[in-house]
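# Chain and residue survey
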Amino acid sequence: MDTAQELAAFLRTRRERLDPRDFDLPSRRQTRRTPGLRREEVAELARVSVDYVVRLEQARGLRPSANVLEALSRALRLAPNERAYLFDLAQQRPRDAAEAATAAAPSLSRLVADLSPLPAMLMNHRYDILAWNADMAKLLLDFNDLPPSRRNAMWLCLVHPEIREFYVDRDRVVREGIAHLRSAWAAHPNDRALTDLIAECTKHNAEFSRLWAEQDIKTGGRGHKVMRHPGAGVIAVHFEVLVPLQDPDQRLMICRPADDESQSALDRL
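Everything in this summary refers to the structure shown in the same document. Bear in mind that the values here come from a model prediction, so they are computed numbers and not experimental data.

What follows deals with the overall build of the protein chain. A tally of helices and strands in the protein chain yields 13 helices and 5 strands. Along the three orthogonal principal directions, the C-alpha set of the protein chain runs to about 65 × 35 × 35 Å. Classification of the 269 residues of the protein chain by burial places 48% in the buried group. Considering only contacts in the protein chain between residues 6 or more positions apart, those separated by 24 or more positions represent 55%. Surface exposure of the protein chain reaches about 14,200 Å², of which carbon and sulfur atoms provide 49%. Averaging the locations of the 40 positively and 39 negatively charged side chains of the protein chain gives two centres separated by 7 Å.

So this is what it looks like as structure tokens:
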């Protein structure tokens, strides 16, 4: 994984997604042979040289400053999470040098258990599952039955035979999970275990490889999922993802039933 190559690819994809008609640019006679803005148009909007944009998109060793990144973010009309991702790739955002947690702090483990009867679990930025309560085990699966190396939410969603067919809107769930993982990698480019996970999934899973190449970014912590539970039927949940101040590398996911039928299904479990 090369952050310069990823930065180059990200800038190209965002430039190519833009519609020139949405910008107040001087008309040019030449026919557009490729979608999106031209490099010279991005350079004009960002007030940098065309050569600079070309070198960035060719990964030719540039380290853009925060001011240049801000100008490119405006020129490419990046969403807030895309802007954060760009700054992470260029290593211009302060980051925590601590290694990813591989075990939950005792206080967080107790909190996860105390959240019962709401299904809850704790993950690190790699989506390794560090702690869960009995209600989450009944909703998804008992993670104790898996080796620790496979207690990873992304891997389970892609490969595990039960979880693969669990989500009604599987494509969206996988797409958003990969977009979250890409943001995590940009913030932790030196995390070897995370890089190995991405490399393994890219090599052995065509679905992951295809979606990873689309360069989508997502960092939201709230959403809705609908699941087909083999014992309780269809269950819809709203979920919240919270970050403890003391352990900002970790994420606490809490699920709540989205309707009366889902509440009844969770009660049966």
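Here we take up the nonpolar core. M121, M136, L140, F143, Y167, L181 and F208 are the most contacted members of the largest nonpolar core, which totals 70 residues. Examining the composition of this core, we find that 7 residues originate from one element, helix α10 (residues 170-187), more than from any other. When residues no more than four places from it in sequence are discounted, the contact partners of L140 are M121, I163, F166, Y167 and M227. With 10 residues, the next largest nonpolar core counts A101, A104, A120 and I254 among its residues.

What follows deals with the pattern of salt bridges. One pass over the full model with this rule turns up 20 salt bridges. Where E207 meets R170, a salt bridge forms, and the shortest distance between an N and an O atom there is 2.4 Å. Within this pair, whereas E207 is found in helix α12 (residues 206-212), its partner R170 is found in helix α10, the two being separated by 37 residues in sequence. We classify R170 as buried; its relative accessible area is 14%.

Before going further, it helps to spend a moment on the sheet that holds strand β2 (residues 129-132). The sheet built from 5 strands is open, its strands ordered β2-β1-β5-β4-β3 with antiparallel pairing. Among the strands making up the open sheet, the edge pair consists of β2 and β3 (222-229). With direction set aside, neighbouring strand axes in the sheet form an average angle of 30°. Helix-sheet contacts for helix α6 (residues 106-114) involve β1 (120-124), β2 and β5 (250-257), and the interaxial angle to β1 is about 150°.

What counts and how
- For every chain, the first residue of the written sequence is number 1, and numbering continues from 1 along that sequence.
- Owing to the predicted nature of the model, reporting of local features is limited to residues with pLDDT of at least 70; listing and counting of side-chain atom pairs is limited to 80 or more, with chain, interface and lining totals taken over all residues.
- Side-chain calculation: all heavy atoms of the structure are included, whereas hydrogens and water are not.
- Put simply, DSSP H or I for four residues or longer makes a helix, DSSP E for two residues or longer makes a strand, and each gets a number counted from the N terminus.
- Whether a residue is buried, partly exposed or exposed follows from its accessible area with a 1.4 Å probe, protein chains only, as a fraction of its type maximum: under 20%, in between, or over 50%, in that order.
- In this description, contact between two residues means that some pair of their heavy atoms is separated by no more than 4.5 Å.
- Computed with a 1.4 Å probe, the accessible areas rest on the Shrake-Rupley method; for each residue, only the protein chains presented here act as cover.
- Counted charges follow a simple rule, with Lys and Arg positive, Asp and Glu negative, and His plus the chain ends left uncounted.
- The atom standing in for a charge is NZ when the residue is Lys, CZ when it is Arg, CG when it is Asp and CD when it is Glu.
- Note on terminology: a nonpolar core comprises buried Ala, Val, Leu, Ile, Met, Phe, Trp, Tyr and Cys residues joined through side-chain atoms within 4.5 Å.
- Salt bridge, as used here, is a side-chain nitrogen of Lys or Arg placed within 4 Å of a carboxyl oxygen of Asp or Glu.
- Pairing between strands is defined by DSSP: at least two bridges between the two strands are required.
- Throughout, an axis means a line fitted to C-alpha atoms (over the contacting stretch in the case of helices), and angles, computed between N-to-C directions, take values from 0 to 180 degrees.

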